[in-house]
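Here is how the chains run, residue by residue.
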Amino acid sequence: MERVKKFTAGPAEAGLRVDRAVLLHVDGVSRARLQECIEQQLLTVNGLPVKPSARLKPGDKVVLRLAPRPAPDLAPQDLPLNILYEDAHLIVLDKPAGLVVHPGAGVADGTLANALIHRFGELPGRQLLRPGIIHRLDKETSGLLLVTRTEESMLKLSEMFQRRTVYKEYLALVHGAMESRHGVIEKPIGRHPVHRMKMTTHAPRSRPSKTEWFVEKEFAGFTLLRVVLHTGRTHQIRVHLASVGRPVVGDALYGGGRDQQVRFPRARQAIAGLGRFFLHAHRLRFHHPWRQETVEFTAPLPPELVNLLAQLAETAPPPRRRGRP
């Protein structure tokens, strides 16, 4: 079924490119999808097709018609999976960095979803290209992921995530030193109004978000944190830590260039060669609805992150601090 999105340009949109205005007003539309619509003359201003560079005037009537796309096929692919636990209802696996969880913009295959279909066959949510997937990790984030095997388990476990009864703990290496041994960041998170690939704590439309952190180890210029998520927003840990001036090491999107400013040359080179950011889903704990008991899983840091910590211990020894709480 075709979806139609409409809005009227106001004074704030005066002189704004129509493609940029659409991305600001219409959620869930990628730049690539918008370009397709423009080429098919499905974007109109005052009833006429326009070029993406057309400038808006107050009162202009913008209409975007989103024609339905054929349902894409999710092909099984024989990709390695590190399965830590499986039963008739669910699967717990350790995802490596570099593996995309499911197909999306610019990624058609080679994902965890393709591997799951190959290994386990039909899973709930396959028609949405998310077989068994009820939460996700960013491509560069490694660690624990919970996958469901039946419609019933998808409903029950999804409800547990919504009620925030699933304990999720991460390990993150950040730039700089924390002011205390423990803290909580509570800032709303939403889509960046201009940079659509980014999230921000200053979005016009945002959702409450809470991140708790504990200092695990200190280096000169770096801190290893244990991070507990109390909500599950996109990029939450990365956004929250960057918002307090402690971006995740290796994070090009939110790091603000801090990786290039590291004062120890060997440490700077090691970070440049990491090829990912330092964020790992370390611990997962929840009540198993069928075993009627609490289950807990841990995933050790992958070798590249262990090696980076070892190099930092040699090149950036922990600072001496007195009287910190």
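Structure shown above.
Residues numbered from 1 in each chain as written. Predicted model: local features only at pLDDT ≥ 70, side-chain atom pairs only at ≥ 80, totals over all residues. Heavy atoms only, no water.

Engineer: I'd like a rundown of the overall build of the chain, residues and numbers included.
Structural biologist: If you tally the helices and strands in the chain, you get 7 helices and 15 strands. For the chain, the spread of C-alpha atoms along the principal axes amounts to about 65 × 50 × 35 Å. Counting the 325 residues in the chain, one finds 46% classified as buried. If you take every contact in the chain between residues at least 6 apart in sequence, the share linking residues at least 24 apart comes to 67%. For the chain, the separation between the mean place of its 49 positive charges and that of its 31 negative charges on side chains is 7 Å. (Helix = DSSP H or I, 4+ residues; strand = E, 2+ residues; numbered from the N terminus. Buried < 20%, exposed > 50% of the residue type's maximum accessible area, 1.4 Å probe, protein only. Contact = heavy atoms within 4.5 Å. Lys, Arg positive; Asp, Glu negative; His and termini not counted. Charge placed at Lys NZ, Arg CZ, Asp CG, Glu CD.)

Engineer: I'd like to hear about unusual backbone geometry, residue by residue, with values.
Structural biologist: Even without a glycine there, the phi angle at Q41 is positive, about 60 degrees. According to the relative accessible area criterion, Q41 is exposed, its value standing at 52%.

Engineer: Pulling in residues and values, what's your account of empty space enclosed by the protein?
Structural biologist: With a probe scaled to a water molecule rolled over the atoms, the places where space remains empty come into view. By the definition in use, this model includes 2 cavities of 30 Å³ or more. Within this model, the largest cavity holds a volume of roughly 40 Å³. Along its surface, the largest cavity is lined by H135, L144, K168, E169, Y170, A281, R283 and L284. Residue assignment for the lining of the largest cavity shows that the elements contributing at least two residues are β8 (167–175) and β14 (279–288). (1 Å grid on protein atoms, 1.4 Å probe; cavity = no way out; pocket = protein on both sides within 12 Å on 5 of 7 lines; lining within 4 Å. Points joined across faces, edges and corners; volume = space filled by probe spheres on them.)

Engineer: Which residues make up the pattern of salt bridges, and what values go with them?
Structural biologist: Here the structure, examined in full by the defined rule, presents 19 salt bridges. A salt bridge links R283 to E296; the shortest N-O distance between them is 2.9 Å. With R283 in strand β14 and E296 in strand β15 (residues 293–298), the pair connects residues that are 13 residues apart, well separated along the chain. Judged by its relative accessible area of 38%, E296 is partly exposed. For E296, the salt bridge goes to R285, with nearest N and O atoms at 2.7 Å. With E296 in strand β15 and R285 in strand β14, the pair connects residues that are 11 residues apart, well separated along the chain. (Salt bridge = Lys/Arg side-chain N within 4 Å of Asp/Glu carboxyl O.)

Engineer: I'd like to hear about the side chain of K95, residue by residue, with values.
Structural biologist: The residue K95 is located in strand β6 (residues 90–95) in this model. Although K95 is buried, it makes no salt bridge; D94 carries the closest opposite charge, 8.3 Å away. A distance of 3.4 Å separates a polar atom in the side chain of K95 from the backbone oxygen of D138. What K95 contacts, discounting residues up to four positions off in sequence, is V101, L137, D138, K139, T141, S142 and G143. (Polar contact = N/O pair within 3.5 Å; in protein donor to acceptor, adjacent residues only side chain to side chain.)

Engineer: Describe the packing of aromatic side chains, and please don't skip the residues or the numbers.
Structural biologist: One pass over the structure, following the stated rule, counts 2 aromatic pairs. Note on Y85 and F297: the rings are 5.4 Å apart at their centroids and 45 degrees apart in plane angle, and the pair reads as tilted. Taken together, the residues Y85 in strand β5 (residues 83–86) and F297 in strand β15 connect sequence positions 212 residues apart. According to the relative accessible area criterion, F297 is buried, its value standing at 13%. Among the aromatic side chains, those forming a connected cluster through ring pairs are Y85, F286 and F297. (Phe/Tyr/Trp six-rings, centres within 6.5 Å; stacked < 30°, edge-to-face > 60°.)

Engineer: Lay out the packing of helix α1 (residues 18–25) against helix α2 (residues 31–39) with the relevant residues and their values.
Structural biologist: The contact between α1 and α2 brings their axes to 11 Å, and the two run at 125 degrees. The angle between α1 and α2 falls in the class oblique. Relative to α2, α1 is oriented so that their crossing is right-handed. Along its contact with α1, which presents D19, V22 and L23, the element α2 presents R31, L34 and I38. Broken down by class, the residue content of the contact of α1 with α2 amounts to 4 nonpolar, no polar and 2 charged. (Axes fitted to C-alpha atoms, helices over the stretch in contact; angles between N-to-C directions. Parallel < 35°, antiparallel > 145°, perpendicular 65-115°, else oblique. Left-handed = near helix turned anticlockwise from the far one by under 90°. Nonpolar A, V, L, I, M, F, W, Y, C, P; charged D, E, K, R; others polar.)

Engineer: An account of the sheet that holds strand β4 (residues 61–66) is requested, with residue identities and associated values reported.
Structural biologist: Taken together, 4 strands build an open sheet; the order of strands is β1-β4-β2-β3 and the sheet is antiparallel. Either end of the sheet is taken by a strand with one partner, and the two such strands are β1 (3–8) and β3 (48–49). Where β1 meets β4, 6 bridges bridge the pair, whose relative direction is antiparallel. The residue of β4 that forms the bridge with K5 is L64. In the packing of α2 onto the sheet, contacts are made with β2 (43–45) and β4, and the angle to β4 comes to roughly 105 degrees. (Pairing = 2+ DSSP bridges.)

Engineer: I'd love a proper account of the environment of I133, names of residues and values included.
Structural biologist: Among the structural elements, I133 can be located in the loop between α3 (112–120) and β7 (142–148). For I133, a relative accessible area of 10% puts it in the buried group. When the C-alpha atoms of I133 and L43 are compared, they prove to be 33 Å apart, with 90 residues separating the residues in sequence. Discounting residues that sit within four places of it in the chain, I133 has contacts with V101, H102, A113, L116 and M154.

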